[in-house]
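Commentary on secondary and tertiary structure
Okay, here's what each chain looks like letter by letter:
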Amino acid sequence: QVQLVESGGGLVQPGESLRLSCAASGRIFSVMAMGWYRQAPGKQRELVATMISGSITNYADSVKGRFTISRDDAKNTMHLQMNNLKPEDTAVYYCNADLVISGFGRRDIWGQGTQVTVSS
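This one's a predicted model, so the numbers in the text were calculated from it and none came from an experiment.

All right, on to the pattern of salt bridges then. For the structure on display, the rule yields six salt bridges. Where Asp 61 meets Lys 64, a salt bridge forms, and the shortest distance between an N and an O atom there is 3.2 Å. Where Asp 73 meets Arg 71, a salt bridge forms, and the shortest distance between an N and an O atom there is 2.7 Å. The class of Arg 71 is partly exposed, set by a relative accessible area of 29%. Each of Arg 38, Glu 46, Arg 66 and Asp 89 takes part in a single network of salt bridges with overlapping partners.

Okay, the pairing of strand β9 (residues 91-101) next. With nine of its 11 residues buried, β9 lies for the most part within the structure. Bridge count between strand β4 (residues 28-39) and β9: 10 bridges; the pairing is antiparallel. Bridged to Ala 33 within β9 is Asp 98. Strand direction decides the pairing type here: β9 and strand β11 (residues 114-118), joined by three bridges, are antiparallel. Considered in β11, the bridge of Tyr 93 is made with Thr 114. As defined by bridge partners, β9 adjoins strand β10 (residues 105-110) across six bridges and the pair is classed as antiparallel. Each residue of the ladder has a partner; that of Leu 99, found in β10, is Arg 107.

For the rest of this paragraph, the subject is the pairing of strand β7 (residues 67-72). Taken together, the six bridges between β7 and strand β8 (residues 77-82) define a ladder with antiparallel strand orientation. Its bridge partner lying in β8, Phe 67 is registered against Met 82. Once β7 ends, the chain turns through four residues before running back antiparallel as β8, passing Asn 76 with a positive phi of about 50°.

Space left empty within the atom packing is revealed by a probe, the size of a water molecule, rolled over the atoms. Counted as a void, the largest pocket has a volume near 210 Å³. Taken together, 14 residues make up the lining of the largest pocket; nearest its centre are Ala 24, Val 31, Met 34, Asn 76 and Thr 77. Going through the elements one at a time, β3 (18-25), β4, β7, β8 and β9 are the ones with two or more residues in the lining of the largest pocket. When residues in the lining of the largest pocket are grouped by element, the largest group, three residues, is from β4. Across the lining of the largest pocket, the residue classes tally to nine nonpolar, two polar and three charged.

Attention shifts here to the packing of aromatic side chains. If you walk through the whole model with that rule in mind, you get one aromatic pair. Stacked on the ring of Tyr 94, the Lys or Arg Arg 45 has its end atom at 3.7 Å from the ring centre. When the ring centre of Trp 110 is taken as origin, the NZ or CZ atom of Arg 45, which lies over that ring, is 4.8 Å away.

It is worth spelling out unusual backbone geometry at this point. In this structure, Asn 76 takes a positive phi of about 50° despite not being glycine. When you line up the elements, Asn 76 lands in the loop between β7 and β8.

Calculation rules
Residues numbered from 1 in each chain as written. Predicted model: local features only at pLDDT ≥ 70, side-chain atom pairs only at ≥ 80, totals over all residues. Heavy atoms only, no water. Salt bridge = Lys/Arg side-chain N within 4 Å of Asp/Glu carboxyl O. Buried < 20%, exposed > 50% of the residue type's maximum accessible area, 1.4 Å probe, protein only. Helix = DSSP H or I, 4+ residues; strand = E, 2+ residues; numbered from the N terminus. Pairing = 2+ DSSP bridges. 1 Å grid on protein atoms, 1.4 Å probe; cavity = no way out; pocket = protein on both sides within 12 Å on 5 of 7 lines; lining within 4 Å. Points joined across faces, edges and corners; volume = space filled by probe spheres on them. Nonpolar A, V, L, I, M, F, W, Y, C, P; charged D, E, K, R; others polar. Phe/Tyr/Trp six-rings, centres within 6.5 Å; stacked < 30°, edge-to-face > 60°. Lys NZ or Arg CZ within 6 Å of the ring centre and 35° of its normal.

Here's what the structure looks like:
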């Protein structure tokens, strides 16, 4: 019964910042990889940022220098700090984790998404 729940989305003006959070619940033995994806209307879901082995990060070219992915193991939570937001960042943002779940093995889990709208 592992679940990921996103929070922190909302409506902001261009140039402002948001901090997204993804809280995991359940019997997680280990985290192989985690990341954030987004999907805008009429477009396919795309990679925003990933973290592998707890430290190796990768970012989409469109967000490099503006977004930062991080994790808080004590709280079973990961974050996406989004600075200098642009209208083209408007999308539903999803968190994803490649997990080893106690008693069940490896699973790929997705959250339900949180809306980010950047508009003046």
